[in-house]
Amino acid sequence: VLVNNAAVCFNDPTLYGRVEHTPFEKQAGVTIETNYFGTLGVIRSFLPLLKRSPSPRIINVASAAGRLTILRSQNLVDAFTSDTLTVTELSELMRQFTSDVEGGVHAEKGWPNTCYGVSKLGLIALTRILAREHPEMMVNSVDPGYCRTDQNNNRGTVDPSDG
């Protein structure tokens, strides 16, 4: 069983006063590289081991922040939900988001103002692709809910042991 739960999130411009503010255009690269491409790299590294298991499973910890309604473009919704979407195509979408944010044109291209949300949207789409490409494996995304963690300054409503 492979559980992917590593992620970064730029909540509150200064993480509740603990770090310097990171401008939005500098958040995209770090967030997408860590949350999407980092997870993809871990999965690719573990696939050979998982294929040897009698009951291979991949669990990606996603978030409601990655819901489709954050997208402001039907073309983007269609791309992310395509039944023929490939990892290569999805990775290009994720790179395009980063490029559009860094270029200051993300809003006009239908992207939201949330790097974390797009990273989790990408993770959910990746989960769908992997499930389709590897029917011999159980591949799922889960959302633990709004858990009390350092990420939200312990403001969450769910105890982490219950999430």
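Before going into details, it helps to say that this report is about the structure given with it. Keep in mind the model is a prediction, meaning the values are calculated, not measured.

Further remarks concern the overall build of the protein. From N to C terminus, the protein includes four helices and three strands. The order of α-helices and β-strands along the protein, N terminus first, is β-α-β-α-α-α-β. Buried positions account for 39% of the 163 residues belonging to the protein. Taking the intrachain contacts of the protein between residues at least 6 apart in sequence as the baseline, contacts between residues at least 24 apart amount to 70%.

Here the focus is the pattern of salt bridges. Tallying each qualifying case throughout the model produces two salt bridges. Residue Arg128 pairs with Asp83 through a salt bridge whose shortest N-O separation is 3.2 Å. Of this pair, Arg128 sits in helix H4 (residues 115-133) while Asp83 sits in the loop between helix H2 (74-81) and helix H3 (87-102); the two residues are 45 residues apart in sequence, bridging distant segments of the chain. As a salt-bridge pair, Asp100 and Lys109 come within 3.5 Å of each other at their nearest N and O atoms. The exposure class of Asp100 is buried, given its relative accessible area of 3%. Overall, Lys109 belongs to the partly exposed group, its relative accessible area being 42%.

Here we have three strands laid out as an open sheet, ordered S1-S2-S3, and parallel in their pairing. Bordering the open sheet on either side are strand S1 (2-4) and strand S3 (138-142), each of which pairs with just one other strand. Adjacent strand axes in the sheet meet at a mean angle of 15°, parallel and antiparallel pairs treated alike. As paired strands, strand S2 (residues 57-61) and S3 are joined by five bridges and run parallel to one another. Bridge pairing in S3 places Arg57 opposite Met138. Contacts from helix H1 (residues 24-51) reach S1 and S2, with the element oriented near 175° to S1. Contacting S2 and S3, H4 crosses the sheet at an angle of about 160° to S3.

Time to look at a nonpolar patch on the surface. Residues Val42, Phe46 and Leu49 make up a contiguous nonpolar surface patch of roughly 240 Å² in combined accessible area. By the element assignment, Val42 lies in helix H1.

On to the pairing of S2. Relative to S2, S1 is paired through three bridges, and the arrangement is parallel. The residue bridging Asn4 from the neighbouring strand is Asn60, located in S2.

Attention now goes to the side chain of Thr31. With respect to the helices and strands, Thr31 occurs in helix H1. With a relative accessible area of 1%, Thr31 lands in the buried category. A polar atom in the side chain of Thr31 sits 2.8 Å from the backbone oxygen of Gln27. The contact partners of Thr31, leaving out residues within four places of it in the chain, are Val8, Phe10, Tyr36, Cys115, Tyr116 and Ser119.

Criteria and cut-off values
- Residues numbered from 1 in each chain as written.
- Predicted model: local features only at pLDDT ≥ 70, side-chain atom pairs only at ≥ 80, totals over all residues.
- Heavy atoms only, no water.
- Helix = DSSP H or I, 4+ residues; strand = E, 2+ residues; numbered from the N terminus.
- Buried < 20%, exposed > 50% of the residue type's maximum accessible area, 1.4 Å probe, protein only.
- Contact = heavy atoms within 4.5 Å.
- Salt bridge = Lys/Arg side-chain N within 4 Å of Asp/Glu carboxyl O.
- Pairing = 2+ DSSP bridges.
- Axes fitted to C-alpha atoms, helices over the stretch in contact; angles between N-to-C directions.
- Patch = residues over 30% accessible without salt bridge, like charges linked within 9 Å, V, L, I, M, F, W, Y side chains within 5 Å.
- Areas by Shrake-Rupley, 256 points an atom, 1.4 Å probe, with all protein chains shown as cover.
- Polar contact = N/O pair within 3.5 Å; in protein donor to acceptor, adjacent residues only side chain to side chain.

Such coordinate-based values are descriptive only and should not be taken to indicate function.
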